[in-house]
Amino acid sequence: MERSAEPAARVAEALTRPAGAPGSTGPALNEPSRSVVGARTRYQPTEPVLLVIFGATGDLSRRKLLPSLYNLARDGLLPDGFALLGAAKEELKPDEFRELAAQSIRRWSRSQPVEEEILRALLGNLHYQPLDLRDEAGFGRLGRRLDELDKRTDKGHRLYYCATPPDIFATIVRNLDAAGLARSPPGHQRRILIEKPFGTDLQSARELNQLVTKVFGEQNVYRIDHYLAKETVQNILVLRFANSIFEPVWSNHYVDNVLITVAEQLGIEGRASYYERTGALRDMVQNHLLQLLTLVTLEAPVSYDHQALRDEKVKVLRAVRPLSPEDIDRLVVRAQYGAGVIWGQPVPGYREEPGIPPNSTTETYVALKLSIDNWRWAGVPFYLRTGKRLARRSSEVRIEFKPPPHLTFGREAAAGLEPNSITVKIQPDEGIVLRFGARAPAPGMEIRSVDMDFNYGRSFQRSAADAYEHLLNDCMLGDPTSFIRSDEVEAAWMLIDPIEARWATGRSPLFSYPAGSQGPDAADELLGREGRSWHPL
Ligand code: BG6
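Cut-off values and rules
Residues numbered from 1 in each chain as written. Predicted model: local features only at pLDDT ≥ 70, side-chain atom pairs only at ≥ 80, totals over all residues. Heavy atoms only, no water. Helix = DSSP H or I, 4+ residues; strand = E, 2+ residues; numbered from the N terminus. Rg over C-alpha atoms; globule rule 2.2 N^0.38 Å. Buried < 20%, exposed > 50% of the residue type's maximum accessible area, 1.4 Å probe, protein only. Contact = heavy atoms within 4.5 Å. Near = heavy atom within 4 Å. Polar contact = N/O pair within 3.5 Å; in protein donor to acceptor, adjacent residues only side chain to side chain. Areas by Shrake-Rupley, 256 points an atom, 1.4 Å probe, with all protein chains shown as cover. Nonpolar A, V, L, I, M, F, W, Y, C, P; charged D, E, K, R; others polar. 1 Å grid on protein atoms, 1.4 Å probe; cavity = no way out; pocket = protein on both sides within 12 Å on 5 of 7 lines; lining within 4 Å. Points joined across faces, edges and corners; volume = space filled by probe spheres on them. Pairing = 2+ DSSP bridges. Axes fitted to C-alpha atoms, helices over the stretch in contact; angles between N-to-C directions. Parallel < 35°, antiparallel > 145°, perpendicular 65-115°, else oblique. Left-handed = near helix turned anticlockwise from the far one by under 90°. Salt bridge = Lys/Arg side-chain N within 4 Å of Asp/Glu carboxyl O.

Let us now look at the overall build of the chain. Within the chain one finds 16 helices and 17 strands. Whereas a compact globule of 537 residues would reach a radius of gyration of roughly 24 Å, the chain reaches 24 Å, a difference of no more than 12%. With the principal axes as the frame, the chain shows a C-alpha extent of 80 × 55 × 45 Å. Per-residue burial for the chain yields a buried fraction of 57% across its 537 residues. Long-range contacts, defined as pairs at least 24 residues apart, comprise 78% of the intrachain contacts of the chain with a sequence gap of at least 6.

Structure, rendered in structure tokens:
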């Protein structure tokens, strides 16, 4: 319990701490780094950790996990006695894996240039074992290797990271169980990190939950949604609950509507087989967008404690009104991108992407309207949209407020005034913008919208830590606050399943939009018929 309060303190402290102060979660710009053996901070795990990455040669490991470990090392946030065992099907020698890790870190580390001394120290603690994840006997050999590594380093906690395609999560859990690698001996935890998507629907998520909680126990299961570990997403709670000026207006008394956007310019990036089976609803809405929705709408948790916070998240998810088939046709828009232009270059449509069938009906865009049936939010519409190959990369939550009850200055003076709003800019240009009306400096009375603008880079002079740094650090510390609980993942699927079921009947239209555009017209109509509009990308 004590430990779980730490991330709240960390965020609050980070917001007031000058750049480069001890305990920072990221380096100040131009700040000399603290080394692996540098000062211990309160967020440095003190107990040794042996991390096993399943799928260690894959994309997630190379782009995110290995660079994040380097940055944790650089910031003095790896425990003494840290070791990593990469496991994947490739027959690599340990040095070949170290070389792959070094290349990945040099290419994708957020802090550049990479400091060779720190990198070398980290590589010295990297090991590799070829492993067919479907082969139960292989896990016996893995166990012996882990015992050996335990002897070389200090015995510590073991973290198993499933950085693999989702269809093999259950097999990994079963094989770990069969080899006796999941049981936590006294004082040493065996924790498992599972990437999203957790299941493909409610039924499969339930089955996976049953298996993994039986084998590891819920307290050792860390279900990942990397959005929860983004600095700006964590700041939503700080904005709401570490300040007194926002929460009083955070309800249907003052809020007119909430718009949540996660727009990408990227396409499917060679993930045809995964994406074709998944689509934007499962890939983004079930997790990232619903998580943003819960953070914006939950009631104040009593403390920043993993149980208290996740209890509130589940409550609000359960208050989201389920959609009937008629609602789905009216309130949910699905679409697929056609050929278009991105960054000035022509790009193919989704159906022309390698590996995608020419008659695919998988959606690459979803927009929907949700309602929350509780005291605070009754009557407030929540509009969510996400898509690939859109005009701009932009993720934000925009809270639009109602107009003042009476126009003291008359209609004409306020003609060009936009609604008051608070926009939490998640990425890029991380920050928060408060939009309000101001008198234009001109004769007569003209009121115009102006912005008060908080920008992370400008205010803190440091680059934000990558979400995966937070996730790995939290898991090493044994803090599940930024991870998804079993009931939470199921509550989210309960909202998604009826939409997938309706779409599977083929009776709902699939719209299209050109790559590089604002999305389908139908998404504009969804808001337009209620007199509202999306913020242009
Ligand atoms: C992942 C999705 O979870 O999130 C990807 O599977 C998506 O399709 C990615 O591109 C977006 O994450 P971020 O951090 O780049 O916004």
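Here the narrative resumes, following the displayed structure.
The next thing to look at is the site of the ligand. Inspection of the region around the ligand gives Lys 196, His 226, Tyr 227, Lys 230, Glu 264, Arg 271, Asp 283, Met 284, His 288, Lys 388 and Gln 427 as its neighbouring residues. One of the side-chain nitrogen or oxygen atoms of Lys 230 is found 2.6 Å away from an oxygen atom of the ligand. At a separation of 2.7 Å, an oxygen atom of the ligand approaches a polar side-chain atom of His 288. Protein contact buries 79% of the 400 Å² of open area that the ligand shows by itself. Per-element tally for the shell around the ligand: the top contributor is helix H9 (residues 272-297), with three residues. Here the shell around the ligand is built from residues that sort into two nonpolar, three polar and six charged.

One pass over the full model with this rule turns up five cavities of 30 Å³ or more. Reported here for the second largest cavity is a volume of approximately 120 Å³. The wall of the second largest cavity is formed by 14 residues, among which Ile 224, Gln 286, Asn 287, Ile 484 and Val 489 lie closest to the centre. Among the secondary structure elements, those contributing two or more residues to the lining of the second largest cavity are H9 and helix H15 (486-504). Split into classes, the residues belonging to the lining of the second largest cavity amount to six nonpolar, three polar and five charged.

Pairing is mixed in the open sheet, where nine strands are placed in the order S16-S15-S14-S13-S7-S12-S11-S8-S17. Edge positions in the open sheet fall to strand S16 (447-455) and strand S17 (511-514), since each of these has one partner strand only. Direction aside, the axes of adjacent strands within the sheet are offset by 20° on average. As paired strands, strand S13 (residues 394-401) and strand S14 (residues 421-427) are joined by six bridges and run antiparallel to one another. Across the sheet, Ile 399 pairs through a bridge with Ile 422, a residue of S14. Contacting S14, strand S15 (431-439) and S16, helix H8 (residues 231-241) runs over the sheet at an angle of about 150° to S14.

This part is about the packing of helix H6 (residues 169-178) against helix H7 (residues 202-216). Running from N to C, H6 and H7 cross one another at 25°; their axes reach a closest spacing of 10 Å. When the axes of H6 and H7 are compared, the pair comes out roughly parallel. Between H6 and H7 lies a crossing of left-handed hand. For the pair H6 and H7, contact is made by Phe 169, Ala 170, Val 173, Arg 174, Leu 176 and Asp 177 and by Leu 208, Leu 211, Val 212, Val 215 and Phe 216, respectively.

On to unusual backbone geometry, then. In this model, Gln 112 is joined to Pro 113 through a cis peptide bond whose omega is -10°. One can find Pro 113 in the loop between helix H3 (94-108) and helix H4 (116-123). Following Gln 427, the chain continues into Pro 428 via a peptide bond in cis, with omega recorded as -15°. On the secondary structure map, Pro 428 appears in the loop between S14 and S15. With a phi close to 50°, Trp 343 is a non-glycine residue in the positive phi region. On the accessibility criterion, Trp 343 (59% relative accessible area) is exposed.

In this section: the layout of surface pockets. The calculated volume of the second largest pocket comes to roughly 570 Å³. If you go around the second largest pocket, you meet 21 residues; those closest to its centre are Lys 402, Pro 403, Pro 404, Leu 407 and Leu 417. Each residue belonging to the lining of the second largest pocket can be placed in one class, and the counts come to twelve nonpolar, six polar and three charged.

Looking now at the environment of Leu 495. Relative to the assigned elements, Leu 495 resides in helix H15. Sequence separation of Leu 495 and Pro 322 is 173 residues, and the distance between their C-alpha atoms is 6.0 Å. Aside from chain neighbours lying at most four places away, what touches Leu 495 is Leu 290, Leu 317, Val 320 and Pro 322.

Attention now moves to the pattern of salt bridges. Note that side chains of opposite charge can pair when their charged atoms are close. Under the counting rule described, the total for this entry stands at 37 salt bridges. Residues Arg 158 and Asp 150 are paired through a salt bridge, measuring 2.8 Å at the closest nitrogen-oxygen approach. Using a relative accessible area of 2% as the deciding quantity, one classes Arg 158 as buried. Classification of Asp 150 as buried rests on a relative accessible area of 6%. Counted as one network, the salt bridges with shared partners bring together Arg 74, Asp 75, Arg 110, Glu 115 and Glu 469.

In terms of burial, strand S12 (residues 382-387) is a largely internal element, six of the six residues being buried. The side-chain alternation of S12 yields two buried faces, one formed by Phe 382, Leu 384 and Thr 386 and the other by Tyr 383, Arg 385 and Gly 387. Where strand S7 (residues 255-263) lies against S12, six bridges are found, and the strand directions are parallel. Residue pairing across strands places Ala 263 opposite Gly 387, the latter belonging to S12. Bridge analysis of strand S11 (residues 365-370) against S12 gives six bridges, and the strand direction is antiparallel.

For helix H14 (residues 467-477), the buried fraction is high: eleven of the eleven residues fall into the buried class. Within H14, burial applies to Ala 467, Tyr 468, Glu 469, His 470, Leu 471, Leu 472, Asn 473, Asp 474, Cys 475, Met 476 and Leu 477. Between a side-chain oxygen at the N-terminus of H14 and the backbone nitrogen of Tyr 468 the separation is 2.8 Å; the capping residue is Asp 466. Positive phi shows up at Gly 478, right after H14, with a value of about 75°.

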